[in-house]
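Results of the structural survey
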Amino acid sequence: MNEDRASRYHRLRRRAAVVSAVAGVTGLLALLFTGASAAITAWAVRAASGLVWPFRPLAAIGLVAGALALGWEIVSFPIVVYRNFLLDRKYGLSSEPFSTWLVDHLKALGLGLGLTLGAAAAVYSVMQLSPDRWWLIGAGLFLVAAIAIAQAAPIWLMPIFYRFQPLDRETLRERLLALSQRAGVPVLGAFEWGLGEKTSRANAALVGAGRTRRILVSDTLLKHYSDDEIEVILAHEIAHHVHHDLWSALALETLAVAAALGAAHAAAVHLSPALALKGPSDLAALPLLILAGGAVSLLLAPVTNAWSRHNEHRADRFALTLTERPAAFVSAMRRLGAQNLAEERPSRLVFWFLHTHPTMDERIARARGFKPA
């Protein structure tokens, strides 16, 4: 097959993702139909029986959710190593040793496990309060948690994985701060983002909200890109804040979560008798909830991705209008696409289900047709 490096890289990543999904679905079905899920739940209830309320039910929920999460970590770990470390090393996107990658993976595992246990405790507690409408309340809790994470990410989460320091290129720093002021988006400051210690990818971002909002420019971007190119890349990121894309995306994602949780509720109500389960609030039904909710999330992916691509198109137009540098935009997109191994010509199915951004060719073509006022 005659395909470029980027296409091969993404094809192999998708194959690994399919293998991971098949393994996950197979494991969840096995838990349901072999009675293993009921056995894990019975063990968790016995283990927590010596605690007083409300710690007894919360401990049982945590044990069941934790057992499923850790079991999946063990099963999926070889696939994760191949997809996120070995492939990146093979295609020149990773510059970190396995030990550093593993430490970051364990950090992410700890954070993910904490969020999983918190979400499981919240959902099952809401089920007790409102057995028929828990899925709506659960979606509302998702929105609150997502807003809190967006606020906390630049302060507490990102520094766990990356090094940050004030941007020391004074001319560029002043230029980027002036750009944000011109767009009406005040920021705390501009910082150099230490991506180069771990990856060859280049990136810039405007993260946080309100008093935590800050400009991030990766060291890999600073090393190889002109100030004009960096300015137009950041102008695109500023556009998302001007247009409140984070909040519209969160609103849409909350609707998708509500649909997924609603489908999980319906599946548990209708299928529980056949599976010897007691309904949605039965901890042994957790694999069924995950399967039904995951299926709906997958079906809704083209909708959320289409909205994301709409926002990206609009942000490109804003960046071109604000900077009036179409040549810098075109050169930046070409270089970013090559450096980050962007997939140039995905199939229509892959584009609908997996791509949150327009293709580089499409973005470049629109930039070439841009006419400054």
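Quick summary incoming for the structure in this document. Computed from a predicted model, the values in this text were never measured in an experiment.

Considering the overall build of the chain
In terms of regular secondary structure, the chain is built from 13 helices and four strands. For 373 residues, the compact-globule estimate of 2.2 N^0.38 gives 21 Å, and the C-alpha radius of gyration of the chain, at 23 Å, lies within 12% of that figure. Accessible surface, the chain as shown: approximately 19000 Å² in total, 66% of it carbon and sulfur. Charge centroids of the chain, computed over 37 positive and 28 negative side chains, lie 4 Å from each other.

Brief notes about the pairing of strand β2 (residues 190-193)
The alternating pattern of β2 places Ala 190 and Glu 192 on one face and Phe 191 and Trp 193 on the opposite face, and all of these are buried. In this sheet, β2 lies alongside strand β1 (residues 164-166) in antiparallel orientation, the contact comprising three bridges. Among the inter-strand pairings, Pro 166 is bridged to a residue of β2, identified as Phe 191. As paired elements, β2 and strand β4 (residues 214-218) share four bridges and run parallel to each other. Bridged to Glu 192 within β4 is Val 217.

Examining the environment of Ala 342
Residue placement: Ala 342 occurs in the loop between α11 (326-339) and α12 (348-354). With relative accessibility at 23%, the residue Ala 342 sits in the partly exposed group. Separated by 137 residues in sequence, Ala 342 and Ala 205 have C-alpha atoms that sit 18 Å apart. The contacts of Ala 342, once residues within four sequence positions are left out, are Ala 6, His 10, Gly 337 and Met 360.

Some thoughts on helix α4 (residues 98-129)
Look at α4: 46 Å from first C-alpha to last across 32 residues, which is about the 46 Å you get at 1.5 Å a residue. Within α4, the full set of buried residues consists of Trp 101, Asp 104, His 105, Ala 120, Ala 121, Tyr 124, Val 126 and Met 127.

A closer look at a nonpolar patch on the surface
A cluster of nonpolar residues, Val 25, Leu 29 and Phe 33, forms a patch on the protein surface that exposes about 290 Å² of accessible area. In this structure, Val 25 sits in helix α1 (residues 5-33).

Here's the deal with the packing of aromatic side chains
What the rule picks out here adds up to seven aromatic pairs. Ring geometry for Phe 85 versus Trp 101: centroids 5.8 Å apart, planes at 50°, classification tilted. Within this pair, whereas Phe 85 is found in helix α3 (residues 55-90), its partner Trp 101 is found in helix α4, the two being separated by 16 residues in sequence. Relative to Trp 193, the ring of Phe 164 has its centre 6.4 Å away and its plane inclined at 25°; by these criteria the two rings are stacked. Of this pair, Phe 164 sits in strand β1 while Trp 193 sits in strand β2, and the two are 29 residues apart along the sequence. You can call Phe 164 partly exposed: its relative accessible area is 25%.

A word on unusual backbone geometry
The amide bond that connects Trp 53 to the next residue, Pro 54, takes the cis arrangement and shows omega of 5°. Following the sequence through the fold, Pro 54 ends up in the loop between α2 (36-48) and α3. In the Ramachandran plot, Glu 324 falls in the positive-phi region, its phi being about 55° despite a non-glycine side chain. For Glu 324, the location among the structural elements is in the loop between α10 (286-323) and α11. Look at Leu 341: it is not a glycine, yet its phi comes out positive at around 55°.

Notes on the nonpolar core
Counting 38 residues, the largest nonpolar core has Leu 176, Ile 215, Leu 221, Ile 230, Ile 238 and Leu 336 as its most contacted members. Mapped onto this core, the elements with two or more residues apiece are α6 (170-182), β3 (204-207), β4, α7 (219-224), α8 (227-242), α10, α11 and α13 (360-368). Per-element accounting of this core gives the leading share, seven residues, to α8. Counting residues in hydrophobic clusters, the runner-up holds 32 residues, among them Leu 68, Tyr 124, Leu 283 and Ala 285.

The rules we used
- Residues numbered from 1 in each chain as written.
- Predicted model: local features only at pLDDT ≥ 70, side-chain atom pairs only at ≥ 80, totals over all residues.
- Heavy atoms only, no water.
- Helix = DSSP H or I, 4+ residues; strand = E, 2+ residues; numbered from the N terminus.
- Rg over C-alpha atoms; globule rule 2.2 N^0.38 Å.
- Areas by Shrake-Rupley, 256 points an atom, 1.4 Å probe, with all protein chains shown as cover.
- Lys, Arg positive; Asp, Glu negative; His and termini not counted.
- Charge placed at Lys NZ, Arg CZ, Asp CG, Glu CD.
- Buried < 20%, exposed > 50% of the residue type's maximum accessible area, 1.4 Å probe, protein only.
- Pairing = 2+ DSSP bridges.
- Contact = heavy atoms within 4.5 Å.
- Expected span 1.5 Å × (residues − 1).
- Patch = residues over 30% accessible without salt bridge, like charges linked within 9 Å, V, L, I, M, F, W, Y side chains within 5 Å.
- Salt bridge = Lys/Arg side-chain N within 4 Å of Asp/Glu carboxyl O.
- Phe/Tyr/Trp six-rings, centres within 6.5 Å; stacked < 30°, edge-to-face > 60°.
- Core = buried A, V, L, I, M, F, W, Y, C linked by side-chain atoms within 4.5 Å.

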